[in-house]
Amino acid sequence: MQHFLSIDDIDSLADWVKAARAIKIDPLQSKFLGRDKTIGLLFFNNSLRTRLSTQKAAMNLGMDVIVMNFGNEGWALEYGDGTIMDQGTSEHIKEAAQVVSQYCDIIGLRAFASLTDKEKDEAEMVLNGFRKYASVPIVNLESSVGHPLQAMTDALTMAENSTKAKPKVVLSWAPHPRALPHAVANSFVQMMRLQNADFVITHPEGYDLNPRITKNIKIEYDQKKAFENADFVYVKNWSSYLNYGMVLNQDPSWMITKEKLGDAKFMHCLPVRRNVVVEDAVLESDRSLVIEQANNRTYAAQLVLKKILEHLK
Ligand code: CP
C-alpha cells in the first residue's frame, strides 16, 4: 500500500481485521521492519489517542518518530496556485511537503475541517496538498472529511466483541455544545458498508450527513426505535452538513443513557463529554468499549504502517 488516505485504501476489511488481531497478540512481531526509517507526524489540531497510539505503533515497528504541532508551531501555509503571498501565509505547501519529505519516510497528517467553507473542506487541501507535493507515503490521522484509522479501529473492536454473524449496529448523533466535524461519522459509515451488519443511522432532522456518503443507508429519526435490538451503539456528535458547520439542536433527550442502551455495547472514539453526550453510568459500565477502542488504535495504526513499510522495501 502506498498511502492510507481513506477507507477506500482497505482492500479487504476482513483480512485487515484478521491482520490487526494478529498484531495485537504479538505487537513486536515486526520490530525490525521500520529500522532506519522515520515517520513524521504533523498535527494541525489537538490529539491524545492518535498522537500517542501512532507513535507507539511506529516504535513497535522499530521506526524513529518526529512529531510537530504544525498548527501552533509551523509557518502558516499557503495552498493556492500562483498566489501573491503578501498576506498572512508564510510558506507554500509545495515547499513544505517537499521539505518534510527530506526528513521522513512516511508523513502522518491531522488537519480537521474548518466547518466554515464546505467546498474548501471537501477539497482536503492539507491532505491532498501533501499527497501531491510530498515524495513519501501519506497517512491520514483525521482529515476534513475522514478518520479512517479510527474506523479501522472500530472494525477491529466490533469483531472482537461480536457474537453474531450479522449484528445490528446503530450510529447515533448525540448533543454537544460545540460544532464538530463529520470525519469520524463519515469514515464509520464507509467502513460499515464493508461489514455484514444491519446498519442504521439515527439523528435529529437537519443533521443528515453528506448524502453521497449515506446513500441507500437506513436513516431513522426516532432514536428509541433505532436502538431496538441493537448490538452496538456507536455515538458521535456532528454539526449540520446542510447548514454547514451549524449547531441546530442541543436536545438533551438525545444523550445516551444506560436505560436507552439496554444490552447493546457502547462505542465512542473519544474524547467524550460526560453527561452531555453520554451519562457516567454508561461509560462506567461493562457495556462500554471506549477504552478498548483507544487501545486498538495502536494495532490499527501499526497495520497501516506495516503495509506501507512493506511497500517501501
Ligand atoms: N479518537 C481520536 O482520534 O482521538 P484524538 O482526537 O485524541 O486523537
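Residues numbered from 1 in each chain as written. Predicted model: local features only at pLDDT ≥ 70, side-chain atom pairs only at ≥ 80, totals over all residues. Heavy atoms only, no water.

## Details of the pattern of salt bridges
Right, so step 1: Applying the stated criterion to the full structure yields 9 salt bridges.
Right, so step 2: Close ionic contact of Glu122 with Arg212 constitutes a salt bridge, the shortest N to O distance being 3.3 Å. Within this pair, whereas Glu122 is found in helix α5 (residues 118-122), its partner Arg212 is found in helix α9 (residues 211-214), the two being separated by 90 residues in sequence.
Right, so step 3: A salt bridge links Glu284 to Arg274; the shortest N-O distance between them is 2.7 Å. Of this pair, Glu284 sits in the loop between α12 (280-283) and α13 (290-312) while Arg274 sits in the loop between β11 (265-267) and α12; the two residues are 10 residues apart in sequence, bridging distant segments of the chain.
Right, so step 4: The exposure class of Arg274 is partly exposed, given its relative accessible area of 42%.
Right, so step 5: Here the salt bridges do not stand alone but share partners, grouping Lys24, Glu160 and Glu292 into one network. (Salt bridge = Lys/Arg side-chain N within 4 Å of Asp/Glu carboxyl O. Helix = DSSP H or I, 4+ residues; strand = E, 2+ residues; numbered from the N terminus. Buried < 20%, exposed > 50% of the residue type's maximum accessible area, 1.4 Å probe, protein only.)

## Some words on the packing of aromatic side chains
Right, so step 1: One pass over the structure, following the stated rule, counts 7 aromatic pairs.
Right, so step 2: With a centroid separation of 4.1 Å and 25° between ring planes, the pair formed by Phe188 and Tyr234 is classed as stacked. Highlighted residues: Phe188 in helix α8 (residues 183-192) and Tyr234 in strand β10 (residues 232-236), separated in sequence by 46 residues.
Right, so step 3: Judged by relative accessible area, Phe188 falls into the buried class, the value being 0%.
Right, so step 4: Ring-pair connections join several aromatic residues into one group, and the members of that group are Trp173, Tyr207 and Trp254.
Right, so step 5: It is Lys118 that lies over the ring of Tyr241; its NZ or CZ is 3.8 Å from the centre. (Phe/Tyr/Trp six-rings, centres within 6.5 Å; stacked < 30°, edge-to-face > 60°. Lys NZ or Arg CZ within 6 Å of the ring centre and 35° of its normal.)

## Brief notes about the side chain of Thr202
Right, so step 1: Note that Thr202 resides in strand β8 (residues 198-202).
Right, so step 2: Taking the relative accessible area as the measure of exposure, Thr202 reaches 0% and is therefore buried.
Right, so step 3: A distance of 2.6 Å separates a polar side-chain atom of Thr202 from the backbone oxygen of Glu220.
Right, so step 4: When near neighbours in sequence (up to four residues on either side) are disregarded, Thr202 contacts Val170, Leu171, Ser172, Trp173, Glu220, Tyr221, Asp222, Gln223, Ala226, Phe227 and Trp254. (Polar contact = N/O pair within 3.5 Å; in protein donor to acceptor, adjacent residues only side chain to side chain. Contact = heavy atoms within 4.5 Å.)

## Points about the layout of surface pockets
Right, so step 1: Reported here for the largest pocket is a volume of approximately 730 Å³.
Right, so step 2: Along its surface, the largest pocket is lined by 31 residues, and Phe112, Leu180, Pro181, Lys236 and Pro271 are the ones closest to its centre.
Right, so step 3: Mapped onto the lining of the largest pocket, the elements with two or more residues apiece are α2 (49-60) and α8.
Right, so step 4: Its residues assigned to classes, the lining of the largest pocket shows 14 nonpolar, 10 polar and 7 charged.
Right, so step 5: The two domains that each donate at least three residues to the lining of the largest pocket are domain 1 (7-146 + 296-312) and domain 2 (150-293).
Right, so step 6: Quantified by volume, the second largest pocket comes out at close to 410 Å³.
Right, so step 7: Along the wall of the second largest pocket there are 27 residues; nearest its centre are Phe44, Tyr79, Ala111, Phe112 and Val126.
Right, so step 8: Counting only elements with at least two residues in the lining of the second largest pocket, the list comes to α3 (70-73), β5 (106-110), α5 and α6 (125-133).
Right, so step 9: Of the residues in the lining of the second largest pocket, the class split is 13 nonpolar, 8 polar and 6 charged. (1 Å grid on protein atoms, 1.4 Å probe; cavity = no way out; pocket = protein on both sides within 12 Å on 5 of 7 lines; lining within 4 Å. Points joined across faces, edges and corners; volume = space filled by probe spheres on them. Nonpolar A, V, L, I, M, F, W, Y, C, P; charged D, E, K, R; others polar. Domains from an automatic or database assignment.)

## Things to note about empty space enclosed by the protein
Right, so step 1: Taken as a whole and assessed by the stated rule, the structure comprises 1 cavity of 30 Å³ or more.
Right, so step 2: Of the voids in this model, the largest cavity is the one considered here, and its volume is about 30 Å³.
Right, so step 3: Lining the largest cavity are Trp173, His176, Arg178, Tyr207, Asn237, Trp238, Ser239, Val247 and Asn249.
Right, so step 4: Partitioning the lining of the largest cavity into residue classes produces 4 nonpolar, 4 polar and 1 charged.

## Observations regarding the sheet that holds β10
Sheets are built from strands that pair by backbone hydrogen bonding, the pairs being arranged parallel or antiparallel.
Right, so step 1: With parallel pairing, 5 strands are arranged side by side in an open sheet as β9-β8-β7-β10-β11. Edge strands, defined here as strands with exactly one partner in the open sheet, are β9 (218-220) and β11. The sheet shows a mean angle of 25° between the axes of neighbouring strands, taken without regard to direction.
Right, so step 2: As defined by bridge partners, β10 adjoins β11 across 3 bridges and the pair is classed as parallel. When the sheet's bridge partners are listed, Val233 is paired in β11 with Phe266.
Right, so step 3: Where helix α7 (residues 148-161) meets the sheet, its contacts fall on β7 (168-173), β10 and β11, and the angle it forms with β10 comes to roughly 155°.
Right, so step 4: Its contacts with the sheet put α8 on β7, β8 and β10, and the angle it makes with β7 is roughly 165°. (Pairing = 2+ DSSP bridges. Axes fitted to C-alpha atoms, helices over the stretch in contact; angles between N-to-C directions.)

## A few points about the environment of Gly80
Right, so step 1: Mapped onto the elements of the fold, Gly80 is located in the loop between β3 (77-78) and β4 (91-92).
Right, so step 2: In this structure the C-alpha to C-alpha distance between Gly80 and Ile93, which are 13 residues apart in sequence, comes to 8.8 Å.

## Examining the domain arrangement of the chain
Right, so step 1: When the domains of the chain are assigned, the result is domain 1 (7-146 + 296-312) and domain 2 (150-293).
Right, so step 2: When each unit is reduced to the centre of its C-alpha atoms, the spacing between domain 1 and domain 2 is 25 Å.
Right, so step 3: Counting residues at the interface gives 26 residues for domain 1, matched by 33 residues for domain 2.
Right, so step 4: In total, domain 1 and domain 2 occlude about 2,400 Å² of area from one another, counting both sides; carbon and sulfur atoms represent 63% of this.
Right, so step 5: Looking only at domain 1, the three residues that lose the most surface to domain 2 are Ile7, Leu115 and Asn296, adding up to 29% of its buried area.
Right, so step 6: Connecting domain 1 to domain 2 are 3 salt bridges.
Right, so step 7: One salt bridge in this structure joins Glu292 and Lys24, with 2.6 Å as the shortest N-O distance.
Right, so step 8: Linking domain 1 with domain 2 are 13 residue pairs in polar contact (both at pLDDT 80 or more).
Right, so step 9: Among the elements that take part in the side of domain 1 that touches domain 2, helix α1 (residues 13-25) stands out by supplying 6 residues, more than any other. (Buried area = accessible area lost by both parts, 1.4 Å probe.)

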